[in-house]
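Read off the chains here:
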Amino acid sequence: MYSHAFSMLFVAFLLLTLAVRFWLASRQLRHVLANRGAVPAEFAATIPLAAHQKAADYTVARTKFGIVTMFINAAVLVGFTLLGGLQWLSVQVFGLTGGGMAYQIGLLVAFAAISGLIDVPIDWYRQFRLEERFGFNKMTPGLFLADMLKGLGLAAVLGLPLAWIVLELMASAGDLWWLYTWLVWSGFQLLMMVLFPTVIAPLFNKFTPLADETLKARIEGLMRRVGFASKGLFVMDGSKRSAHGNAYFSGFGAAKRIVFFDTLLARLAPQEIEAVLAHELGHFKLKHIVKRIGLMFALSLAFLALLGWLKNQVWFYTGLGVSPLIAPGQGNDALALILFMLALPVFTFLFGPLASLSSRKHEFEADAFAAQHTDARDLVSALVKMYEDNASTLTPDPLHSAFYDSHPPASVRIQHLNSAAA
Ligand SMILES: [Zn+2]
């Protein structure tokens, strides 16, 4: 009986999520198209009409593609759960392995392989059709394939040992397995924060220390003013994959580094680069990064505790179209992990705006920090260039933006900066 009720609840949340996403996407399409004809007054002097229209067309194309992938992913989700796909896969892998740990690892690998294969044509289309059409794609099919193979290798080297440890803990660490798993998971996350900038990202891109001496002196001056110590100031060859430009901050402790895409450096004047960097340093100095990591750890503890309870409820499996393997030693835990990963986003989607809201608050704070330590007008002109180069729309639908956007709309951000400059 619980099983049936849980199926119903799952379907209800899935339909609600799809309806909200579809409604927001259609609002976005209408709003962007309605404003396509003219550059908003506050940008009329800085952004040409052609660039504004390109941004509108790019946003429309991406939003439409997002609607298509949303329905594909929903079909895959229902296929795996209520239509019995995961159950079928489980029976096949069980037959091949005879249960136990081999079955569980085999099931995780088979599930990941199928999900990954479904994503390949989607990613391919996005890169070689959508991005290509707007002149952003710089990738060759060979590089796409090489990236995919490296990704697979990394998933095997990092993911398999982690999966094995978690499954061992679930099987033999007793009722508090989720707490030990949380410790392992948190440790893994911290390790990744060190490995990502130093080992993983360099597998995909070349990072060269910033060579321009005048720019370097300017940036080091800024870092001294705000009291930030880092030796890592790198330029990344982002132009190898995409014309989109960006700057980011990664790692912590001795591994922390600031990374500029070469595409961004080529476009911005030195004082604009300094202003963008001041914004990034603001995130660090105002402890946004530490807060985000803390929140991530707290949420994963809560979710693991929830999984600790769910994995013993028969309705959790049967309600999602799977027969649990209750008998000892058969190894039911991989099923629990997969179902949890599949079902969780359906139930948490509607909380997304909270994360967006907190992220936008951090962006305003980092902008204010930049305005305090550099000239706010430099950040404004850098932002205008970045919006134009990335074909980001200046006229998003306000509700769509409030729901999804990690950054405030350009006009609001620039309003705040201009009032700081005045
Ligand atoms: Zn930011």
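Residues numbered from 1 in each chain as written. Predicted model: local features only at pLDDT ≥ 70, side-chain atom pairs only at ≥ 80, totals over all residues. Heavy atoms only, no water.

**Topic: the layout of surface pockets**
Each pocket or cavity is described by its volume, and for the second largest pocket that value is around 1500 Å³. Those elements that provide at least two residues to the lining of the second largest pocket are helix 4 (100-133), helix 5 (141-172), helix 6 (177-204), helix 10 (288-310) and helix 12 (333-348). For the lining of the second largest pocket, the residue count by class is 30 nonpolar, 6 polar and 3 charged. (1 Å grid on protein atoms, 1.4 Å probe; cavity = no way out; pocket = protein on both sides within 12 Å on 5 of 7 lines; lining within 4 Å. Points joined across faces, edges and corners; volume = space filled by probe spheres on them. Helix = DSSP H or I, 4+ residues; strand = E, 2+ residues; numbered from the N terminus. Nonpolar A, V, L, I, M, F, W, Y, C, P; charged D, E, K, R; others polar.)

**Details of the coordination of the zinc ion**
Surrounding the zinc ion are the protein donor atoms His279 (NE2), His283 (NE2), Glu363 (OE) and Glu363 (OE), which sit 2.0 to 2.7 Å from the metal. Note that the zinc ion binds 4 donor atoms; their angles at the metal cover 52 to 138 degrees, and the shape is irregular. Mapped onto the polypeptide sequence, the residues donating to the zinc ion form the spacing pattern H-x3-H-x79-E. One end of the pair is histidine 279 and the other is histidine 283, both in helix 9 (residues 270-285) and 4 residues apart, which spans about a single turn. For histidine 279, a relative accessible area of 5% gives the class buried. (Donors = N, O, S within 2.8 Å, 3.2 Å for Na, K, Ca; no water. Tetrahedral: all angles 85-135°; square planar, octahedral: opposite > 155°, others 65-115°. Buried < 20%, exposed > 50% of the residue type's maximum accessible area, 1.4 Å probe, protein only.)

**Considering the side chain of threonine 17**
Considering the arrangement of structural elements, one finds threonine 17 in helix 1 (residues 2-34). Residue threonine 17 is classed as buried on the basis of its relative accessible area, which comes to 7%. Beyond its immediate stretch of four places on either side in the chain, threonine 17 contacts Val346 and Phe349. (Contact = heavy atoms within 4.5 Å.)

**Digging into unusual backbone geometry**
Unlike most non-glycine residues, lysine 287 shows phi in positive territory, near 65 degrees. Summarising the element assignment, lysine 287 is placed in the loop between helix 9 and helix 10.

**Some remarks on a nonpolar patch on the surface**
Residues Leu145, Met148, Leu149 and Leu152 make up a contiguous nonpolar surface patch of roughly 380 Å² in combined accessible area. Residue position: leucine 145 is located in helix 5. Taking the relative accessible area as the measure of exposure, leucine 145 reaches 46% and is therefore partly exposed. (Patch = residues over 30% accessible without salt bridge, like charges linked within 9 Å, V, L, I, M, F, W, Y side chains within 5 Å. Areas by Shrake-Rupley, 256 points an atom, 1.4 Å probe, with all protein chains shown as cover. Salt bridge = Lys/Arg side-chain N within 4 Å of Asp/Glu carboxyl O.)

**Focus on the pattern of salt bridges**
Opposite charge on two side chains permits them to pair, given that their charged atoms come into close proximity. All told, the structure shown has 12 salt bridges when counted by the stated rule. Residues arginine 36 and aspartate 57 are paired through a salt bridge, measuring 2.8 Å at the closest nitrogen-oxygen approach. Taken as a pair, arginine 36 in the loop between helix 1 and helix 2 (49-80) and aspartate 57 in helix 2 lie far apart in primary sequence, 21 residues in all. For lysine 311, the salt bridge is made with aspartate 333, and the minimal N-O distance between the two is 3.0 Å.

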